[in-house]
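Fold and geometry: a report
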Amino acid sequence: TFTDSLPSETSFVSVSSNQGSCSGATSVTCSLGTIPGNASARVEIVVIANINGILTNTASVTGNVIDPIPGDNTATTVTAVYSNSDLAVTISDTPDPVSVENPLSYSIVVTNNGPSGASGINLRLTHSAYVYYASSPSSSQGTCNSLWPRAEVTCDLGYLASGSSATVNLVVIPTWQAAYHSPIAGGATVTGEYVNDPNPGNNTATSATWIGRSAWDLEVSITDSPDPVPAGSDITYIVTVRNNGPG
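The sections below set out a description of the structure shown in this document. (Residues numbered from 1 in each chain as written. Predicted model: local features only at pLDDT ≥ 70, side-chain atom pairs only at ≥ 80, totals over all residues. Heavy atoms only, no water.)

**Let's talk about the pattern of salt bridges**
- The final tally for this structure, using the stated rule, is two salt bridges.
- Of the charged contacts in the structure, one is a salt bridge between R42 and E44, with a shortest N-O distance of 3.1 Å.
- Note on E44: relative accessible area 35%, which makes it partly exposed.
- When the shortest N-O distance is used, the salt bridge between E152 and R124 registers 2.9 Å. Taken together, the residues span a long stretch of sequence, with E152 in strand β15 (residues 152-160) and R124 in strand β11 (residues 118-126) at a distance of 28 residues.
- The buried category is assigned to E152, whose relative accessible area is 7%. (Salt bridge = Lys/Arg side-chain N within 4 Å of Asp/Glu carboxyl O. Buried < 20%, exposed > 50% of the residue type's maximum accessible area, 1.4 Å probe, protein only. Helix = DSSP H or I, 4+ residues; strand = E, 2+ residues; numbered from the N terminus.)

Written out as structure tokens, the structure reads:
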């Protein structure tokens, strides 16, 4: 008797054998009858892989016999399944420009343009070192982790069906150093495990945000002394520059 519990990530299509009979879908069982010495029976099972990744299939055989080598009664095969999925990413920054010590929001959208669904999708977000987090990064699915102080966020977004998207949000606060390195860059890169991407050019997106210093009301005044003054005499000018705030 032959038994094969098919991988859960597959859909059964058909089974056939060159002798005996077979039944089942999620688990296939074949009664193969008698197999003469030094002969073999062949079973063919056809399935559809529903997800990209690694599929492991194990089959076993038993019989009303005394088997001197039971260790070869089970066999396993491992199959790498690739999806054809056009993964794409966009990044937007709001507001731009933004003042020092004010929130800067990044919105990153990862889309699977198909034609197949894709699993094992990962997003890598890079940002300026001259910011700090207003809150932890968040995502519409999966999980995100900050790799601070590496100025990097990674997200495991899991599975995206064809035509679906996931959004990651990150809010940072630019520091004074950011103003001196303006514009500051943001970048996003999406990858998929066991994904055959026909259009890798849209797997990366960048942004550049201008950082302004806080609003200042600058005022200048000038006085002269003495006034009037005889020709040939010294005149002293006093110039005063004032910051009326609020920065």
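**Examining unusual backbone geometry**
- The residue after S182, namely P183, is reached through a cis peptide bond having omega 0°.
- Mapped onto the elements, P183 comes out in the loop between α1 (176-180) and β17 (184-192).
- For the bond from D227 to P228, the omega torsion is 5°, close enough to zero to count as cis.
- Secondary-structure assignment places P228 in the loop between β21 (216-225) and β22 (236-246).
- A positive phi angle, close to 65°, is found at N38, a residue other than glycine.
- Residue class for N38 comes out exposed when judged on its relative accessible area of 88%.

**Concerning the sheet that holds strand β7 (residues 74-81)**
- Taken in spatial order, the five strands line up as β3-β4-β1-β6-β7 in an open sheet, and their pairing is antiparallel. A single partner strand is all that each edge strand has here, and the edge strands are β3 (21-23) and β7. Taken pair by pair, the neighbouring strands of this sheet meet at an average axis angle of 15°, ignoring direction.
- As defined by bridge partners, β3 adjoins strand β4 (residues 27-31) across three bridges and the pair is classed as antiparallel. Paired with C22 across the two strands is C30, which belongs to β4. (Pairing = 2+ DSSP bridges. Axes fitted to C-alpha atoms, helices over the stretch in contact; angles between N-to-C directions.)

**Section: the nonpolar core**
- By size, the foremost hydrophobic cluster in this structure holds 31 residues, and its most contacted members are V89, Y106, I108, V110, I121, L123 and L157.
- Counting residues per element, the ones that place at least two in this core are β8 (83-94), β10 (104-115), β11, β15, β16 (165-174), α1 and β17.
- With near-sequence residues (within four places) excluded, L157 lies in contact with V110, I121, L123, S139, Q141, G142, A166 and V168. (Core = buried A, V, L, I, M, F, W, Y, C linked by side-chain atoms within 4.5 Å. Contact = heavy atoms within 4.5 Å.)

**Quick notes on the sheet that holds strand β19 (residues 204-209)**
- Taken in spatial order, the five strands line up as β14-β15-β11-β17-β19 in an open sheet, and their pairing is antiparallel. Each of the sheet's edge strands pairs with one partner strand only, and the pair in question is β14 (143-146) and β19. The mean inter-strand angle of the sheet, taken between neighbouring strand axes irrespective of direction, is 15°.
- Direction of pairing for β11 relative to β15: antiparallel, over a ladder of seven bridges. Of the residues in β15, the one forming a bridge with R124 is T154.

**A word on the state of the cysteines**
- Summed over all chains, the structure comprises two disulfides.
- Across a sulfur-sulfur distance of 2.0 Å, C22 and C30 are joined as a disulfide pair. Note on the C22 and C30 pair: the S-S dihedral is about 115°, so by sign convention the disulfide is right-handed.
- Under the relative-accessibility criterion, C22 is labelled partly exposed at 23%.
- The class for C30 is buried, based on a relative accessible area of 0%.
- Residue C144 pairs covalently with C155 via a disulfide, S to S 2.1 Å. Where C144 bonds to C155 through sulfur, the torsion about that S-S bond is close to 110°, and the disulfide is right-handed. Within this pair, whereas C144 is found in strand β14, its partner C155 is found in strand β15, the two being separated by 11 residues in sequence. With respect to burial, C144 and C155 carry one shared label: buried.
- Along the protein, the cysteines that take part in disulfide bonds pair up as 1-2, 3-4, counted in sequence order. (Disulfide = S-S within 2.5 Å.)

**Thoughts on a nonpolar patch on the surface**
- Side chains of V220, I222, I235, Y237, V239 and V241 sit close together on the surface and give an oily, nonpolar patch of about 640 Å² of accessible area.
- Elements that contribute at least two residues to the nonpolar patch include exactly β21 and β22.
- Element by element, the count of residues in the nonpolar patch is highest for β22, at three residues.
- Counting through the fold element by element, Y237 comes out in strand β22.
- A relative accessible area of 55% places Y237 in the exposed class. (Patch = residues over 30% accessible without salt bridge, like charges linked within 9 Å, V, L, I, M, F, W, Y side chains within 5 Å. Areas by Shrake-Rupley, 256 points an atom, 1.4 Å probe, with all protein chains shown as cover.)

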